[in-house]
Amino acid sequence: MRLGSRPGLLGRSFTALVFLFLYLPIFILIIFSFNEGNSSSVWQGFSLHWYSELFQDRLIMSGVYTTLLVSLLATVIATAAGTFAAIGFYNMRRRWREPLMAVNNIPMVNADIVTGVSLCLFFVAAFGAWNGFVSWMETTYRLTAPRLALGFGTLLIAHICFNIPYVILSIMPKLRQMDKNLIDAAQDLGCTWMQAFRKVVVPEIKPGIINGMLIAFTMSIDDFVISYFTAGAKTSTLAMVIYGMTKKRVSPKINAISTLLFVVVLLLLVIVNVRQARQDKAAAKNGHAG
Amino acid sequence: MKNRLAWFSAPYVLWMALFTVIPVIMVVVYAFTAVDLTTGAVHPTLDNFAQMGTYAVVFVRSFELALIATFICLLIGYPVSYLMAKEGPGFQRIAMVLIMLPMWVNFLLRTYAWMTILSNNGPLNQLFQALGIIDLGNLVNGGLNGLCAWLNGGAVELLNSLLGTDFALSTARPTDMTYFKMLYTQGAVVLGMVYNYLPFMILPIYSVIIKMDNSLLEAARDLGAGSSRVFRKVILPLSLPGVLSGVTMVFVPSVSTFAISKMLGGGTKLLLGDLIELQFLGGAYNPYLGSAISLVMMVIVVICMYVMNRFGEGEEQAVML
């Protein structure tokens, strides 16, 4: 829906300026990824050598790998878990649903640093207790079990933790829009509750699921603070690699990797949007015909 | 339970108990305990909160910077959301994507790009140099120095002799600047906050404005209200929930940031986030004090939420996406 008359030239130039502000740093990043010298502020001629050196940098490449892996895994798991949880919450009595939704909102409304710190405390305490138990087992019963430490596992758990609430919140409105009688009708017509879920509920809320998945992935890719507190000393996401570098000197290889990531994201978004626009057009046409 | 589908949430309820509720409880417990360094015994105490008094400066600075950043975000974000809502649907879809897109480049990278832009020999200073703005600054400073020297010789001397004071205006403004110092200042930190959290102001306000019932606006116009009156009496009050949620979503991360202040502020002037980080991963290892400060942060969030729920319409409005 549109609100009143279209904005004038002044309004449009203001919007354009704000968008310029949002994109200026990204343009600068991209420009200096093609810089010949290793300065990130003085232009010394065009070159692609940072791109070739990038792939030889073990630290950066493993950071990229960890970031992508944890974001993809967390997104898939959080989307699946969030979908089930949202359907569960929706079918609950209000008395139960409201407090549970309040708890669900905690990681979303809390400052990132508080979420990170609380998980850090929890993991350290839980693993401390477990490792103590393992040592005790070893000395008394000669039984052993692996000792646990902060690492990829805890990083993944943390990402799932802050992703699920976003998935649930984007699915909930779709569930409310759904006709309540559909589930009952499906079950009356002989569906088991699993079939009712698969054949009736999921198709109805699909846009919400996809939206939630996108938000979850965005949050995972963008996160630094929570990862920083839960990844331990040996695992590093790309953001943590960069953070480590800013204390000394940031290599232009970082510009190169961000340019590559940005271009990939841009292409993906263009493809998704073009496809959606086409679908919308087709749907509009069919609507006219019918 | 209303029906069996409710059980779908059981695993997640367990997950929340383990990874959301217990960690939060642990922060609260840690905040009210401390470890005795000689015996190693843990005991309940309120010392952590008393100790926070020594960091009052950090609290004040964090709140100040975060409030300024939130205010600037509102000043920029509200008009943008309003203008976007007036555009056609095609433009709106592209604009939404354009606002989300920078978030896919990790926020640390974007902040790092600002380090480049603001640095002493960076693009912005080069632009200022080329436009002669730095020379202009030198000229203005020189003029001000001259003016102050003249006043010191005349009016100020007279005042001093009358009041018996020893007062003088500064004449030491630099006139040989080759760049403006922008990086590692408090202004840079505010810029970083505004830049990173502006989308969180735009999205909730936009989503509230876009859902507004157009017939209300038409009714207001039909009843003779001018466009500024329609805005003041109809659009502004109705968009208040979005504004409140935007303010919260900018203020909370701003007040708790630590990477931005370290990268753009140079890490010399601590913010609350830096203080917490220091207690957990930095040199001043003291998770009990860190938990106490975190608890204060949680209380701030709860207050924000309470205020929002009094004005807003509940869960849906609170979230932008």
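Per chain, the residues get numbers from 1 upward, laid out in the order the sequence is written. Here the convention is simple: chains get letters from A, ligands get numbers from 1, in the order in which they are written. In keeping with the model being predicted, local features are shown solely for residues with a pLDDT of at least 70 and side-chain atom pairs are shown and tallied solely at 80 or more, while totals for entire chains, interfaces and linings include all residues.

A. Up close: the overall build of chain B. Segments assigned H or I by DSSP are reported as helices when at least four residues long, segments assigned E as strands when at least two residues long, and all are numbered from the N terminus. Broken down by element type, chain B carries 15 helices and two strands. For the radius of gyration, the atoms used are the C-alpha atoms, and the globule rule reads 2.2 Å times the number of residues raised to 0.38. On C-alpha atoms alone, chain B measures out to a radius of gyration of 26 Å, which is more than a quarter above the 20 Å that the 2.2 N^0.38 rule sets for 321 residues. Dimensions of chain B along its principal axes, counting C-alpha atoms only, are 90 × 75 × 40 Å. With C-beta atoms placed from the backbone, a residue counts as buried when 20 or more other C-beta atoms lie within 10 Å of its own, as exposed when 12 or fewer do, and as partly exposed for counts between those limits. By the burial criterion, 39% of the 321 residues in chain B qualify as buried.

B. Structural view of the overall build of chain A. What chain A contains, in helices and strands, is eleven helices and zero strands. From first element to last, N terminus to C terminus, chain A shows the α and β order α-α-α-α-α-α-α-α-α-α-α. Taking 2.2 N^0.38 as the reference for a compact globule, 290 residues should give roughly 19 Å; the C-alpha atoms of chain A span a radius of gyration of 24 Å, well beyond that estimate. With respect to the principal axes defined by its C-alpha atoms, chain A has extents near 80 × 70 × 30 Å. The 290 residues of chain A split such that 38% are buried.

C. Spotlight on the packing of helix H5 (residues 112–141) of chain A against helix H13 (residues 272–280) of chain B. One can describe the packing of H5(A) onto H13(B) by two numbers: an axis separation of 11 Å at closest approach and a directional angle of 10°. It follows from the interaxial angle that H5(A) and H13(B) lie roughly parallel. Mapping the contact onto sequence places A:Ile113, A:Val117 and A:Cys120 in H5(A) and B:Gly273, B:Ile276 and B:Phe280 in H13(B). Residue type decides the class: Asp, Glu, Lys and Arg count as charged, Ala, Val, Leu, Ile, Met, Phe, Trp, Tyr, Cys and Pro as nonpolar, and the leftover types, Gly among them, as polar. In terms of residue class, the contact of H5(A) with H13(B) is made up of five nonpolar, one polar and no charged. Whenever a helix is involved, its axis is fitted only over the stretch in contact; in every case the axis is a line through C-alpha atoms, and angles between N-to-C directions fall within 0 to 180 degrees. Any angle that falls under 35 degrees is termed roughly parallel, while one over 145 is termed roughly antiparallel, one within 65 to 115 roughly perpendicular, and all others oblique. Each residue gets a C-beta atom placed from its backbone, and two residues are in contact if those atoms lie within 7 Å.

D. Quick peek at the interface of chain A and chain B. Listed by partner, the interface residues are 77 residues for chain A and 78 residues for chain B. For the side of chain A that touches chain B, the secondary structure elements donating two or more residues are helix H1 (9–33), helix H3 (58–90), helix H4 (94–109), H5, helix H6 (152–177), helix H8 (193–222), helix H10 (238–246) and helix H11 (252–289) of chain A. Top contributing element to the side of chain A that touches chain B by residue count: H1(A), with twelve residues. Here the residues of the side of chain A that touches chain B are counted per class, giving 56 nonpolar, 16 polar and five charged.

E. Broad picture of the confidence of the model for chain B. Residue and element names in this part refer to chain B. In the predicted model, chain B carries a mean pLDDT of 86, and the fraction of residues at 70 or more is 96%. Within the model, the stretch residues 314–321 combines pLDDT values under 50 with 18 contacts to residues more than four positions away or in other chains. Interface predicted TM-score (ipTM) for the complex: 0.85; the corresponding pTM is 0.86. Scored from 0 to 100, pLDDT records how confident the predictor is in each individual residue.

F. Examining unusual backbone geometry more closely. Within the chain, A:Arg142 stands out as a residue other than glycine whose phi angle is a positive 55°. Within the secondary structure, A:Arg142 is located in the loop between H5 and H6. Look at B:Tyr184: it is not a glycine, yet its phi comes out positive at around 65°.

G. Up close: the environment of B:Val189. All names here are of chain B. Mapping Val-189 onto the fold places it in helix H8 (residues 186–210). Residue Val-189 is classed as buried on the basis of its 26 C-beta neighbours within 10 Å. When the C-alpha positions of Val-189 and Gly-265 are compared, they lie 5.5 Å apart, and in sequence the two are 76 residues distant. Every residue in contact with Val-189, bar those within four places of it in the chain, is listed here: Leu-65, Ile-260, Ser-261, Leu-264 and Gly-265.

H. Layout of the packing of H1(A) against helix H3 (residues 56–85) of chain B. Where H1(A) contacts H3(B), the two axes come as close as 10 Å, and the packing angle between them is 120°. Regarding the angle of H1(A) to H3(B), the classification is oblique. The interaxial crossing formed by H1(A) with H3(B) has left-handed handedness. Listed contacts from H3(B) to A:Gly11, A:Phe14, A:Thr15 and A:Val18 of H1(A) are B:Ile76, B:Pro79, B:Val80, B:Leu83 and B:Met84. Considering only residue class, the contact of H1(A) with H3(B) consists of seven nonpolar, two polar and no charged. Working rule for handedness: look at the near helix, and if it is turned counterclockwise from the far one by less than a right angle, call the crossing left-handed; if clockwise, right-handed.

I. Summary view of the environment of A:Lys253. Residue and element names in this part refer to chain A. Summarising the element assignment, Lys-253 is placed in helix H11. C-beta crowding within 10 Å serves as the criterion here: with 23 such atoms nearby, Lys-253 is assigned to the buried category. Taking C-alpha positions, Lys-253 is 9.1 Å from Asn-38, a pair spaced 215 residues apart along the chain. With residues near it in sequence (within four places) discarded, Lys-253 still touches Trp-50, Glu-53, Leu-54, Asp-57 and Ile-60.

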